[in-house]
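# Architecture and fold: a report
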Amino acid sequence: MPEIEIQNLSKSYNLKERVQVFKNFDFSFNEKITAIFGPNGCGKTTLLKIIANLIKADEGSVKTSLEKIRMGFVFQSPSNFIFPWMTNYENLVLPLRLDGIKEKQIRTRVRELFETFDISLPMSAYPYQISGGQQQLLVILRALINKPNLLLLDEPFTSLDYLTKIKVMNELSGIVRKNKTLTILISHTIDEAMVFADEVVLLSEKPIRVLTKFKTNFKRYDLRVMKSKKFIETKGKILRFYK
Amino acid sequence: MRKYLWLGPAILLFLWSILTYTGMIRPILLPEPHKVFLSLINGLFGKGELLGPLFKTCWIWILSFLTGSFIGVLLGVLAGYSDKVYSAFEVIIDFFRSLPSLLIVPIAIIFFGIETLSAFIIISWATFFYIFINTVYGVKYGRKNYLLVCKVLKIPKITQFTKIIFPSALPYIFAGLRLGLSVALIVTIGVEMILGRAGLGGLVFDSFMSYDVTLIYAIIVLVGILGYISNKFLMNLEHRVIHWQGE
């Protein structure tokens, strides 16, 4: 069975006029890490929210190979999804506290996470006292802290500075590969999608259909990979679909 | 910018002085500032004829405000949380909130007489709607994105409510409380004037009947100070409780 199987999905919104986002859409996520690449407003976030069961489809079904889902979700605009009345620490460890984990183990897990990513955040401060990039880091770490088996990332690296982005992306890629976490990444940067995922899926305008999908095997975001002939050729092939 | 705080009151006092000390307005209409302030000081610290009414006004004002706030937050949370409850009561809420609270004075008198209970019910009623409506909106609209996180993290309903929904509604609730506190003071004075209750409103009415204009102005200043202090107190509390607001 595929990792995630979407069958006959239909979803429309009633805005000023009826907007059909999906119409009898079928797709199978066969790889552990998939990146979704497509035009603005085509419905990528809607797809992620339907997979996460945050919104209901009008018709169709989403099945996964996972028996018990432990989900991590990094939403777009992270500042809207962290709780400003909680400290950064309270925000970060919320999933673990909800699972009833003891405080000592929580602290160990936080230390591990910071060591893995080689970063630090002011834990006793509040979210509004840190930068947008740090807020994004906080949200990424919160999504990872309870070791999810399904990780959904909606443009998770947009607010990060270039160096932090490379570092976080490489570490995140390493973690999800090591833990065999089923991961779906939405990205507007094709380089990001190619180095992070095992498969890149190109989507069309609404109503969504799959234009094509490519297997990739780059795994790391560094200059050597990105200057390689194979990388440049694959990128060229992918981008041709939007011409 | 706080250094300019004195400027507004200074201009007001200056204009007041010009109008009265030059005789442009007769003292029977607007007494000189020093007479009003002397009357105020004398009423509070001299003869003390303002102390009793001040206490009575503050007591009924605060008690009614707290009662109206408590019920407003409680029912507001229920109506905001459940779309069914909200839609069931939407028409009634919109009907009653449009009614000026002083309109229910005759009804309150018919039911409870010219007693403290009538004043208490009218003021609580006036306060209730401001806080209720704000709480409903806070609970209903302050939580949209946060609920997505709750769904992802599978946060139990009670924890959702105490840790997420209620804190996210606090900025709206505080806006309602500040509005409600001012409205409660206005209605308190109005009700005391109508019911002839022995508070500051009643005293204003008595002073009007005996042409003691200076005392009327002294009470106006006193009520203004009361409103200013209470609003500052609530603003301070708001900054402490919802420290993230406006950041």
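All figures in this text were calculated on a predicted structure; none of them were measured in a lab.

### A closer look at unusual backbone geometry
Residues and elements named next belong to chain A.
- Cis geometry is found at the peptide bond from Lys-206 to Pro-207, where omega equals -15°.
- Of note, Pro-207 is situated in the loop between β8 (199-203) and β9 (210-215).
- The residue Ser-77 is not glycine, and still its phi comes out positive at about 50°.
- By the secondary structure assignment, Ser-77 is in the loop between β5 (71-74) and α2 (88-98).
- Phi is positive for Glu-155, which is not a glycine, with a value near 45°.
- Within the secondary structure, Glu-155 sits in the loop between β6 (150-154) and α5 (162-178).
- Residue classification places Glu-155 among the buried positions, given a relative accessible area of 14%.

### Concerning the side chain of Thr-87 of chain A
Residues and elements named next belong to chain A.
- Residue placement: Thr-87 occurs in the loop between β5 and α2.
- A relative accessible area of 15% places Thr-87 in the buried class.
- In this structure, Thr-87 is in contact with Met-123, Ser-124, Ala-125, Tyr-126 and Pro-127, ignoring residues within four places of it in sequence.

### Quick look at the UniProt feature "domain: ABC transmembrane type-1" (unreviewed entry) in chain B
- Residues annotated in UniProt with the feature "domain: ABC transmembrane type-1" (unreviewed entry) correspond here to residues 54-234 of chain B.
- In the segment residues 54-234 of chain B, helix accounts for 87% and strand for 0%; the C-alpha atoms at its two ends are 20 Å apart.

### Focus: the environment of Val-225 of chain A
Residues and elements named next belong to chain A.
- Position of Val-225 among the secondary structure elements: in helix α7 (residues 223-227).
- A sequence separation of 30 residues divides Val-225 from Val-195, and the C-alpha atoms of the two residues are 8.5 Å apart.
- Excluding its chain neighbours within four sequence positions, the residues that come into contact with Val-225 are Val-195, Phe-218, Arg-220 and Phe-231.

### A look at empty space enclosed by the protein
- Applying the stated criterion to the full structure yields 2 cavities of 30 Å³ or more.
- Roughly 80 Å³ of volume is contained in the largest cavity.
- For the largest cavity, the full set of lining residues is Met-71, Gly-72, Phe-73, Phe-75, Pro-95, Val-139, Arg-142, Ala-143 and Asn-146 of chain A together with Val-149, Val-152 and Leu-153 of chain B.
- Computed from the structure, the second largest cavity encloses a volume of approximately 40 Å³.
- What lines the second largest cavity is Tyr-86, Ile-93, Asp-94, Arg-97, Phe-132, Ile-133, Val-136 and Tyr-137 of chain B.
- Those elements that place two or more of their residues in the lining of the second largest cavity are α4 (83-97) and α6 (116-141) of chain B.

### What about the nonpolar core?
- The biggest cluster of nonpolar side chains holds 91 residues, and the ones touching the most others in it are Phe-29, Leu-47, Phe-73 and Leu-152 of chain A together with Leu-50 of chain B.
- For this core, the leading source of residues is helix α8 (residues 157-195) of chain B, giving 15 residues.
- Those residues in contact with Leu-152 of chain A that sit more than four places away from it in its chain are Leu-48, Ile-51, Ala-52, Met-71, Gly-72, Phe-73, Val-74 and Ile-184 of chain A.

### Some points on the pairing of β6 of chain A
Residue and element names in this part refer to chain A.
- β6 sits mainly inside the fold: 5 of its 5 residues count as buried.
- Here β6 shows no split at all, with Leu-150, Leu-152 and Asp-154 on one side and Leu-151 and Leu-153 on the other all buried.
- The pairing of β5 with β6 spans 4 bridges and is classified as parallel. Each bridged residue has a counterpart across the sheet, and for Gly-72 the counterpart in β6 is Leu-151.

### Points about the sheet that holds strand β1 (residues 4-14) of chain A
Residue and element names in this part refer to chain A.
- Across the sheet, which stays open at both edges, the 3 strands sit in the order β2-β1-β4 with antiparallel pairing between neighbours. Of all strands in the sheet, those bounded by a partner on one side alone are β2 (18-29) and β4 (59-64). Neighbouring strand axes in the sheet, compared pairwise and without regard to direction, differ in orientation by 20° on average.
- The pairing of β1 with β2 spans 8 bridges and is antiparallel.

### Description of the interface of chain B and chain A
- Of the residues lining the interface, 18 residues belong to chain B; the matching set on chain A comes to 20 residues.
- Counting the surface lost from both chain B and chain A, the interface buries some 1,800 Å², and carbon and sulfur atoms represent 76% of this.
- On the surface where chain B and chain A come into contact, there are 0 salt bridges.
- Along the contact surface separating chain B from chain A lie 4 residue pairs in polar contact (both at pLDDT 80 or more).

### Topic: the packing of aromatic side chains
- If you walk through the whole model with that rule in mind, you get 22 aromatic pairs over all chains.
- For the ring pair Phe-73 of chain A and Phe-75 of chain A, a centre distance of 4.1 Å and an interplane angle of 10° mean the geometry is stacked.
- What makes Phe-73 of chain A buried here is its relative accessible area of 5%.
- Seen in terms of ring centroids, Phe-205 of chain B and Phe-208 of chain B are 6.4 Å apart; in terms of plane orientation they differ by 45°. Their pairing is tilted. Of the two residues, Phe-205 of chain B and Phe-208 of chain B both sit in helix α9 (residues 200-209), 3 residues apart, roughly one turn of that helix.
- You can call Phe-205 of chain B partly exposed: its relative accessible area is 37%.
- For Phe-208 of chain B, a relative accessible area of 51% corresponds to the exposed category.

### A short note on the packing of α6 of chain B against α8 of chain B
Residues and elements named next belong to chain B.
- Between α6 and α8, whose axes approach to 7 Å, the crossing angle comes to 160°. Taken together, the axes of α6 and α8 are roughly antiparallel relative to one another. Regarding α6 and α8, the two cross each other, and that crossing is right-handed.
- Here the contact of α6 with α8 is built from residues that sort into 20 nonpolar, 8 polar and no charged.

### Overview of a nonpolar patch on the surface
- Nonpolar side chains collect at one region of the surface, where Tyr-4, Trp-6, Leu-7, Ile-11, Phe-14, Leu-15, Ile-18 and Met-24 of chain B lie side by side and expose about 850 Å² of accessible area between them.
- In this fold, Met-24 of chain B is placed in the loop between α1 (7-21) and α2 (33-46).

### Digging into the packing of helix α3 (residues 51-81) of chain B against α6 of chain B
All names here are of chain B.
- Here α3 crosses α6 at 35°, and the two axes come no closer than 6 Å. In this structure, the crossing between α3 and α6 has a hand that is right-handed.
- Tallied by class, the residues present in the contact of α3 with α6 amount to 18 nonpolar, 11 polar and 1 charged.

What counts, and at which threshold
- Residues numbered from 1 in each chain as written.
- Chains lettered and ligands numbered in written order.
- Predicted model: local features only at pLDDT ≥ 70, side-chain atom pairs only at ≥ 80, totals over all residues.
- Heavy atoms only, no water.
- Helix = DSSP H or I, 4+ residues; strand = E, 2+ residues; numbered from the N terminus.
- Buried < 20%, exposed > 50% of the residue type's maximum accessible area, 1.4 Å probe, protein only.
- Contact = heavy atoms within 4.5 Å.
- UniProt positions renumbered as here; feature names shortened; annotations may be inferred.
- 1 Å grid on protein atoms, 1.4 Å probe; cavity = no way out; pocket = protein on both sides within 12 Å on 5 of 7 lines; lining within 4 Å.
- Points joined across faces, edges and corners; volume = space filled by probe spheres on them.
- Core = buried A, V, L, I, M, F, W, Y, C linked by side-chain atoms within 4.5 Å.
- Pairing = 2+ DSSP bridges.
- Axes fitted to C-alpha atoms, helices over the stretch in contact; angles between N-to-C directions.
- Buried area = accessible area lost by both parts, 1.4 Å probe.
- Salt bridge = Lys/Arg side-chain N within 4 Å of Asp/Glu carboxyl O.
- Polar contact = N/O pair within 3.5 Å; in protein donor to acceptor, adjacent residues only side chain to side chain.
- Phe/Tyr/Trp six-rings, centres within 6.5 Å; stacked < 30°, edge-to-face > 60°.
- Parallel < 35°, antiparallel > 145°, perpendicular 65-115°, else oblique.
- Left-handed = near helix turned anticlockwise from the far one by under 90°.
- Nonpolar A, V, L, I, M, F, W, Y, C, P; charged D, E, K, R; others polar.
- Patch = residues over 30% accessible without salt bridge, like charges linked within 9 Å, V, L, I, M, F, W, Y side chains within 5 Å.
- Areas by Shrake-Rupley, 256 points an atom, 1.4 Å probe, with all protein chains shown as cover.

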